[in-house]
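For reference, the chains in residue letters:
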Amino acid sequence: MDNAIGLEIIEVVEQAAIASARWMGKGEKNTADHVAVEAMRQRMNQIHMRGRIVIGEGERDEAPMLYIGEEVGICTQENSATFCNPEELVEIDIAVDPCEGTNLVAYGQNGSMAVLAISEKGGLFAAPDFYMKKLAAPPVARGHVDLNKSATENLQIISDCMGRAVEELVVVVMDRPRHKELIKEIREAGARVRLISDGDVSAAISCAFSGTNIHALMGIGAAPEGVISAAAMRCLGGHFQGQLIYDPEVVKTGLIGESKESNIARLKDMGIENPDKVYNAEELANGRTVLFAACGITSGTLMEGVRFFGGGARTQSLVISSQSKTARFVDTIHMFEKPKNIQLR
Ligand SMILES: O=C(COP(=O)(O)O)[C@@H](O)[C@H](O)[C@H](O)[C@H](O)COP(=O)(O)O
Ligand SMILES: [Mn+2]
Ligand SMILES: [Mn+2]
């Protein structure tokens, strides 16, 4: 994959984050989402690439933009033959969540980001809009913890791997009724729970960085977000596993159909023969190279949110590349017009 794409996608997530941040705290989640989608799509279509959306806005919201299957990049546009030779370009697959944590943006809360992951064609698991049981843990616990083990067992393993007491661990869990028993178990095991209302991508990736005070993500969130998290965790060497949830008894609200049998049939139609398979990060993001980029909309554990100032804005992004084996935190000043002052720090 062309290394230059790594630089261009920073601007893709930055533009989405800036657009969405203008709607921060306004109580309008759909608008905060919509403007991020538009900005992401517009900037993406300026990149010299042949891209295809494999995880997008389409399925859940029936959105007209960045839908699954949409082709993006200059070289997929009409009349591109005059300046693009598609044969020279590697086809790439893209998973996007232009506004991950729309509620967080709408209510001015921490932890939202514009995010995407890229790989060669076929390199990202095209997860259906189902739920996913997830387990994320620090690199040192990678391959030792297991989604099939109980939370108590996994906490003991993380404790052993990290050389710290279970009481010193913090587990992020989404604040949902479905997690009542899980939360009880984690607390009884001695660990501390940080409940989040939304935004489990940030929580998953935070496990890979020491200093975030997040040592595990447990519980059920959305499957597309699981693939995006896996892409980052694969590059960072953190632990990530996901298992699709298709039983409406397990997750009583939301996306999946009301019958377990019809859900299994739907997965089969998509080529998923074993709906109970536990996927690891390398299977969810199995391309030869994987690129991940995120830009904070509101501040979170990993990045600062967008800060507007007279005439411009400052953003912080995280770009992770399996090719260059780098995780770059990018601090950018955007000058919309002649700014009154540009602050050094
Ligand atoms: O919080 C989330 C919402 O994402 P978005 O719609 O892009 O703002 C995600 O991080 C979660 O993974 C997930 O979408 C959620 O758990 C599924 O929704 P829910 O039924 O409310 O749990
Ligand atoms: Mn999301
Ligand atoms: Mn979203």
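Once a new chain begins, its residue numbering starts again from 1 and follows that chain's sequence as written. Whichever chain is written first becomes A and whichever ligand is written first becomes 1, with later ones labelled in order. Local features are withheld for residues below a pLDDT of 70 in this predicted model, meaning they are given only at 70 or higher, and side-chain atom pairs are given and counted only at 80 or more; totals for whole chains, interfaces and linings count all residues. Each side-chain value is worked out from all heavy atoms of the structure, with water and hydrogens disregarded.

A look at the site of ligand 1
In this text, near means that some heavy atom of the residue lies within 4 Å of the molecule or strand in question. In the region of ligand 1, 17 residues are neighbours, and Glu 100, Thr 102, Tyr 131, Arg 178 and Asp 200 sit closest. What qualifies as a polar contact is a pair of N or O atoms within 3.5 Å, subject to a donor-acceptor requirement within protein and to the restriction that residues adjacent in sequence count only when both atoms come from side chains. Arg 178 has a polar side-chain atom sitting 2.8 Å from an oxygen atom of ligand 1. To measure how exposed things are, a 1.4 Å probe is used in the Shrake-Rupley method; for residues, cover is taken only from the protein chains shown. Relative to its free-state accessible area of 520 Å², ligand 1 is covered by the protein chains to the extent of 83%. Of all the elements in the fold, those that place two or more residues in the shell around ligand 1 are β3 (91-100), β5 (131-137) and β8 (216-222). Classifying every residue of the shell around ligand 1 by side-chain character gives four nonpolar, four polar and nine charged. Going along the chain from the N terminus, every DSSP run of H or I of four or more residues is numbered as a helix, and every run of E of two or more is numbered as a strand. Three classes are used, and their members are as follows: Ala, Val, Leu, Ile, Met, Phe, Trp, Tyr, Cys and Pro are nonpolar, Asp, Glu, Lys and Arg are charged, and the others, Gly among them, are polar.

So, the coordination of the manganese ion (ligand 2)
Working reference: metal with six octahedral donors, ideal angles 90 or 180 degrees; metal with four tetrahedral donors, ideal angle 109.5 degrees. Each metal site lists N, O and S donors within 2.8 Å (3.2 Å for Na, K and Ca). With water left out of the atoms, a site can look as if it is missing ligands. Here the manganese ion (ligand 2) is held by the protein donor atoms Asp 97 (OD), Glu 100 (OE) and Glu 225 (OE), which lie 2.0 to 2.1 Å from it. A spacing of 3.6 Å is found between the manganese ion (ligand 2) and the manganese ion (ligand 3), which share Asp 97 as a donor. Note that Asp 97 is positioned in strand β3 and Glu 225 in helix α8 (residues 223-236), a separation of 128 residues in sequence. The class for Glu 225 is buried, based on a relative accessible area of 8%. The classification of residues rests on relative accessible area computed with a 1.4 Å probe and restricted to protein chains. Under 20% of the type maximum is buried, over 50% is exposed, and intermediate values are partly exposed.

Brief notes about the UniProt feature "binding site: Mn(2+) 2" (unreviewed entry) in the protein
As annotated in UniProt, the feature "binding site: Mn(2+) 2" (unreviewed entry) corresponds to Asp 97, Glu 100 and Glu 225 in the numbering used here. These annotated residues cover 129 residues of sequence, and their C-alpha atoms all fall within 8.4 Å of one another, placing them together at a single site. Overall, the relative accessible area of 4% leaves Glu 100 in the buried class. Any pair of residues with heavy atoms lying within 4.5 Å of one another is described as a contacting pair. Setting aside its immediate chain neighbours within four residues, Glu 100 contacts Gly 111, Ser 112, Met 113, Val 115, Gly 199, Asp 200, Val 201 and Glu 225. UniProt positions are given in the numbering used here, feature names are shortened, and annotations may be inferred rather than shown by experiment.

Regarding helix α6 (residues 180-189)
Along α6, the positions that sit buried rather than exposed are Leu 182, Ile 183 and Ile 186. Down the axis, α6 shows its buried residues gathered within 95° of arc, on one side only. Exposed side chains of α6 directed beyond 90 degrees from the buried face belong to Lys 180, Glu 181 and Glu 188. For α6, the secondary structure elements touched by its buried residues are α5 (151-162), β6 (170-174), β7 (192-196) and β8. Immediately beyond the C-terminal end of α6, within one or two residues, lies Gly 190, with a positive phi of roughly 110°. Think of the arc as the fan of directions from the helix axis to the C-beta atoms.

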